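Fold and contact review
Read off the chains here:
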Amino acid sequence: MQVLRTIPDVRAVRAQAQGSLGLVPTMGYLHAGHMALVRAARDANDHCWATVFVNSLQFGQNEDFNTYPRDLPRDLALFEEAGVDVVFVPEAETMYTADFSTYVDVEKLTDRLEGAARPGHFRGVTTVVCKLLNIVQPHRVYLGRKDAQQLRVIRRMVRDLNIPTTIVPVETVREPDGLALSSRNVYLKPDERQAASVLYQALQAAQQRFAAGERNAETLRAAMHAVLAQEPLVSVDYVSIADDESLKELTTIERPALASLAARIGTTRLIDAMELGREDTTPE
Ligand code: PAF
């Protein structure tokens, strides 16, 4: 496995890579969810590349950029073991020169949910992902379904800007109690970790009602709130039943929809999502 730190090095190695290339962009501190992305990328492509970059641009002023968990040696060992061919690990200055002044902004879709709760977050995500795609030029990019809005925003950017790559969504990997894997789970104290499974239970409550034929979105939101309310350590940021494509809140579900939520447990903010009405009805 090659570890590259500069853009000229990436371009030189990329030029030699014949056949298809699948990219797994990450902010490091890998867990089984990332490894599922790697497996999907490795299985479907001639080359599997990954990036590790904690992107300051997608963190708000009062967010956890400085404390975001980092362990590059462990990440590299895991990538190597999983069969990744190349890892690009740029320094901040490599990605953002002192006079950096060009940003990618996906409008409307980013006004809601995470975009409303974290102003500027998606501008940071789309800017860095656009740069990584320009640098690596992968045929396919692997993203987790847990970050449901991120997936849709990046897909929209790729479509709108005609970036020649395909976005491949990968199922959320969950702990046995349903908690979606996230690098931020490491922040949870033992009692908070136990409480955190209520997020999945809330999504399941919506999915079960949907599967039983309920199409009133407010009824599903109320069901999610009722489950979350049972856990005193959890403070709800938002609960949403939205159109799967536009992410606009729904009154009645007539097309595929997305159930999603964000909640704080202590100082940790977690998100999770589940699609409603997707063909295979697999949880996100
Ligand atoms: O999902 C993440 O880890 C990040 O948002 C991403 C896509 C790597 C961009 O920094």
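Residues numbered from 1 in each chain as written. Predicted model: local features only at pLDDT ≥ 70, side-chain atom pairs only at ≥ 80, totals over all residues. Heavy atoms only, no water.

1. Side note on the site of the ligand
Going by this rule: The cutoff for a nearby residue is simple: one of its non-hydrogen atoms must lie within 4 Å of the molecule or strand. Two N or O atoms count as a polar contact when they lie within 3.5 Å, although within protein this holds only if one can serve as hydrogen donor and the other as acceptor, and sequence-adjacent residues are included solely when both atoms are side-chain atoms. Per-residue and other accessible areas follow the Shrake-Rupley method at a 1.4 Å probe size, with only the shown protein chains counted as cover for residues. Where helices and strands are cited, they refer to DSSP runs of H or I of at least four residues and of E of at least two residues respectively, numbered from the N terminus. In the scheme used here, Gly and all other residues not listed as nonpolar or charged are polar, with Ala, Val, Leu, Ile, Met, Phe, Trp, Tyr, Cys and Pro taken as nonpolar and Asp, Glu, Lys and Arg as charged.
Close to the ligand lie P25, T26, M27, Q58, V128, V129, D147 and Q150, which account for all nearby residues. Take Q58: an N or O atom from its side chain is 2.6 Å from an oxygen atom of the ligand. Protein chains shield 89% of the accessible area of the ligand, which is 280 Å² for the free molecule. Taken together, the elements giving at least two residues each to the shell around the ligand come down to β2 (21-26) and α6 (121-136). Considering only residue class, the shell around the ligand consists of 4 nonpolar, 3 polar and 1 charged.

2. Considerations on the side chain of T51
As a reminder of what qualifies: Here the term buried applies to any residue with accessible area under 20% of the maximum for its type, exposed to any over 50%, and partly exposed to those in between, with areas from a 1.4 Å probe on protein chains only. Two residues form a contact once any of their heavy atoms are found within 4.5 Å.
Relative to the elements of secondary structure, T51 occurs in strand β3 (residues 47-52). With relative accessibility at 0%, the residue T51 sits in the buried group. Ignoring anything within four residues of it in the chain, the contact list for T51 reads L23, V24, P25, T26, F88 and L132.

3. So, the packing of α6 against helix α7 (residues 148-160)
When two helices pack together, their arrangement is given by the angle between their axes and by how far apart the axes lie. For clarity, the threshold we go by: Simply put, an axis is a line fit to the C-alpha atoms, just over the touching stretch for a helix, and the angle between two N-to-C directions goes from 0 to 180 degrees. Oblique is the label for every angle not falling under 35 degrees (roughly parallel), over 145 degrees (roughly antiparallel), or within 65 to 115 degrees (roughly perpendicular). By definition, any crossing whose near helix is turned counterclockwise from its far helix by less than a right angle is left-handed, and any crossing with a clockwise turn is right-handed.
The contact between α6 and α7 brings their axes to 10 Å, and the two run at 50 degrees. Looking at the two axes, α6 sits oblique to α7. By crossing handedness, the relation of α6 to α7 is classed as right-handed. Residues F122, V125, T126, V129, C130 and L133 of α6 pack against Q149, Q150, V153, I154, M157 and V158 of α7. A breakdown of the residues in the contact of α6 with α7 according to their chemical character gives 9 nonpolar, 3 polar and no charged.

4. So, α6
Note the cut-off: Each residue after the first adds 1.5 Å to the expected span of a helix.
Given a rise of 1.5 Å per residue, 16 residues ought to cover 22 Å, and the 22 Å separating the end C-alpha atoms of α6 matches this to within 8%. Counting buried positions along α6 gives 14 out of 16 residues, so the element sits mostly inside the fold. Looking one or two places after α6, you find Q137, whose phi comes out positive at around 55 degrees.

5. Side note on the pairing of strand β7 (residues 234-243)
The condition is simple: When DSSP finds at least two bridges between two strands, those strands are taken to pair.
Buried residues dominate β7, accounting for 7 of its 10 residues. When β7 meets strand β8 (residues 257-265), the two strands line up antiparallel, connected through 9 bridges. By the bridge assignment for β8, I241 is matched with A259.

6. Looking at the pattern of salt bridges
Our working rule: Here a salt bridge means any side-chain nitrogen of Lys or Arg lying within 4 Å of a carboxyl oxygen belonging to Asp or Glu.
Tallied over the full model, the rule gives 19 salt bridges. Taking the shortest distance from any N to any O, the salt bridge between D237 and R269 comes out at 2.8 Å. One end of the pair, D237, is in strand β7; the other, R269, is in strand β9 (residues 268-276), and 32 residues separate them in sequence. Given the relative accessible area of 34%, D237 is considered partly exposed. The class of R269 is buried, set by a relative accessible area of 16%.

7. Thoughts on the pairing of strand β6 (residues 166-170)
The condition is simple: Call a crossover right-handed when, viewed with both strands pointing away from you, the route from the first strand across the helix to the second goes clockwise.
Sheet topology places strand β5 (residues 140-144) next to β6; 5 bridges connect them, and they run parallel. Residue pairing in the sheet places L143 in a bridge with P169 of β6. Each parallel crossover has a hand, and the one from β5 via α7 to β6 is right-handed.

8. Side note on the sheet that holds β7
Pairing is antiparallel across the open sheet formed by 3 strands, whose spatial order is β7-β8-β9. The sheet is open, and its two borders are formed by β7 and β9, each paired with just one other strand. Between one strand and the next, the sheet's axes are offset by a mean angle of 15 degrees, whatever the strand orientation. Sheet strands touched by helix α10 (residues 217-229): β7, β8 and β9. Its angle to β7, the strand with the most contacts, is close to 160 degrees.

9. A word on the sheet that holds strand β4 (residues 86-88)
Strand order in this open sheet of 6 strands is β1-β4-β3-β2-β5-β6, and the pairing throughout is parallel. Among the strands making up the open sheet, the edge pair consists of β1 (2-4) and β6. With strand direction ignored, the average angle separating the axes of adjacent strands in the sheet is 25 degrees. In this structure, β2 lies alongside β3, joined through 6 bridges in parallel fashion. For L23, the partnering residue across the bridge sits in β3 and is W49. Most of the contacts of helix α1 (residues 7-16) go to β1, to which it runs at about 140 degrees, and overall it touches β1, β2, β3 and β4. Together, β5 and β6 form the strand contacts of α7, whose direction differs from that of β6 by roughly 170 degrees.

10. A short note on the nonpolar core
Rules: Take the buried residues of types Ala, Val, Leu, Ile, Met, Phe, Trp, Tyr and Cys, join any two whose side-chain atoms come within 4.5 Å, and each joined set is a nonpolar core.
One finds W49, M95, L133, I154 and M157 to be the most contacted residues of the largest nonpolar core, which totals 40 residues. When neighbours within four sequence positions are excluded, M95 is seen to be in contact with F53, F88, P90, F100, V128, K131, L132 and I135.

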